[in-house]
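Results of the structural survey
If you want the building blocks of each chain, they are given just below.
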Amino acid sequence: MSISHAPPDSPGPDISGTSKSEAPAPDASGPASPALQPVVPASARRTRVPRWLRRTTGPLLLLALWHVLSATGVLAAGVLASPGRIAQVGWDLIADGSLPSAMATSLRRVAFGLLFGTVAGTGLALLSGLFRIGEDLVDAPVQMLRTVPFVGLIPLFIIWFGIGETPKTAIITLGVTFPLYLNVYAGIRGVDAQLIEAGESLGLSRWGLVRHVVLPGALPGALTGLRYSLGIAWLALVFAEQVNADAGIGFLMVQARDFLRTDVIVVCLILYAFLGLLADFIVRSLERLLLQWRPTFTGR
């Protein structure tokens with residue numbers, strides 16, 4: 001007689017002749033497992049208002065406040081004309097052709113100044129950022145010159161270049177160069193050193209490292225510098241066109257100042273603001289196009 005040492009709760013020997021793998025499948029009519037529900041962030045469950053509507057809310061509220069203050073007499077017409085008056089004056093300036101002509105002249109000056117400043121600032125930044133000897137020769141003079149107010153150089157530019165278009169373009173070029181230089185230089189020197197080592201281990205040449213690693217890494221900083229440079233370009237244009245100018249938006253402002261036409265001055269300021277906003281929109285569109293490879297936080 002044999003004694004079984006199996007625990008009392010263990011099942012007895014299988015006498016059916018079937019293995020566990022051959023056990024019948026559970027009844028399909030049994031209770032089904034609960035369906036999985038995707039997790040949706042709380043920000044995605046909120047009702048989303050179109051971004052263009054949210055972005056226009058602030059200017060519209062400011063315009064409404066301006067209209068209310070003008071209608072109630074808090075803002076006198078001699079201090080700041082009403083929005084309706086500004087719109088009428090702007091339409092008159094467009095109808096007689098003076099505003100489109102002035103805008104074309106100003107855009108041409110900004111375009112030339114931005115082109116020359118971009119070439120100068122980017123070239124100096126590449127020379128200083130990629131080569132140590134370039135940094136030793138270029139960075140210190142640039143840092144010294146950028147601390148000099150470019151507006152203070154207007155009399156000197158007039159003595160050097162006369163009163164034509166050259167000093168105006170030179171002022172804009174100088175204002176554009178330094179912000180672009182600083183941001184491109186910082187972008188180059190901010191590239192991760194481990195990426196450089198990885199490129200070298202893959203056998204990239206010096207030009208290959210610059211093309212495939214350094215320049216893409218510096219591109220975000222370069223576009224940020226371009227946005228700053230565009231803002232300073234319009235600021236430099238305001239000063240440039242108020243010095244011995246015979247055309248342009250600044251020339252209209254000088255004439256309006258002489259005749260105490262605050263409405264014309266406000267029209268010119270609004271035009272400056274819209275042109276700056278348009279330039280910033282173009283650069284931001286370039287950022288979205290050229291920086292698709294870089295995922296970033298876009299807010300919630």
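Notes on the structure follow. Computed from a prediction, not measured in an experiment: that's the story for all the values here.

**Brief notes about the overall build of the protein chain**
The helix and strand inventory of the protein chain stands at 11 helices and zero strands. When the helices and strands of the protein chain are listed from N to C terminus, the series reads α-α-α-α-α-α-α-α-α-α-α. Buried positions account for 30% of the 300 residues belonging to the protein chain. Across the protein chain, contacts joining residues at least 24 apart in sequence account for 72% of those joining residues at least 6 apart. Carbon and sulfur atoms make up 67% of the accessible area of the protein chain, which amounts to about 20,200 Å² in all.

**Remarks on the pattern of salt bridges**
Opposite charge on two side chains permits them to pair, given that their charged atoms come into close proximity. Taken as a whole and judged by the stated rule, the model has seven salt bridges. In this structure, the salt-bridge partner of R189 is E135, at a minimum N-O distance of 3.0 Å. With R189 in helix 7 (residues 165-189) and E135 in helix 5 (residues 132-146), this pair connects stretches of sequence that are 54 residues apart. According to the relative accessible area criterion, R189 is partly exposed, its value standing at 38%.

**So, helix 9 (residues 206-240)**
Residues that lie three or four places apart on an α-helix share one face, since the helix turns once every 3.6 residues. Taking 1.5 Å per residue as the helical rise, helix 9 with its 35 residues ought to reach 51 Å, whereas the 42 Å between its terminal C-alpha atoms falls clearly short. Of all the bends in helix 9, the greatest, near 40°, is centred on L219, and the proline P220 appears no more than four residues after it.

**Re the packing of aromatic side chains**
Here a ring pair, both rings aromatic, is described through the centre-centre distance and the interplanar angle of the planes. One pass over the full model with this rule turns up five aromatic pairs. When the ring of F112 is compared with that of F116, the centres are 6.2 Å apart and the planes differ by 35°; the resulting orientation is tilted. Highlighted residues: F112 and F116, both in helix 4 (residues 98-130), separated by four residues, approximately one helical turn. By relative accessible area, F116 is classed as partly exposed at 43%. Seen from their ring centres, W160 and F161 are 6.2 Å apart, and the 85° between their planes marks the pair as edge-to-face. Judged by its relative accessible area of 54%, W160 is exposed.

**As for a nonpolar patch on the surface**
On the surface, L278, F281, I282, L286, L289 and L290 cluster together into a nonpolar patch covering about 560 Å² of accessible area. In this fold, L289 is placed in helix 11 (residues 262-290).

**Structural notes on a positive patch on the surface**
On the surface, R48, R51, R54, R55 and R288 cluster together to form a positively charged patch. Here the element with the most residues in the positive patch is helix 2 (residues 51-71); it accounts for three residues. For R55, the position within the fold is in helix 2. Residue class for R55 comes out partly exposed when judged on its relative accessible area of 49%.

The rules behind each value
Residues numbered from 1 in each chain as written. Predicted model: local features only at pLDDT ≥ 70, side-chain atom pairs only at ≥ 80, totals over all residues. Heavy atoms only, no water. Helix = DSSP H or I, 4+ residues; strand = E, 2+ residues; numbered from the N terminus. Buried < 20%, exposed > 50% of the residue type's maximum accessible area, 1.4 Å probe, protein only. Contact = heavy atoms within 4.5 Å. Areas by Shrake-Rupley, 256 points an atom, 1.4 Å probe, with all protein chains shown as cover. Salt bridge = Lys/Arg side-chain N within 4 Å of Asp/Glu carboxyl O. Expected span 1.5 Å × (residues − 1). Bend = angle between axes of the 7 residues up to and from the residue. Phe/Tyr/Trp six-rings, centres within 6.5 Å; stacked < 30°, edge-to-face > 60°. Patch = residues over 30% accessible without salt bridge, like charges linked within 9 Å, V, L, I, M, F, W, Y side chains within 5 Å. Lys, Arg positive; Asp, Glu negative; His and termini not counted. Charge placed at Lys NZ, Arg CZ, Asp CG, Glu CD.

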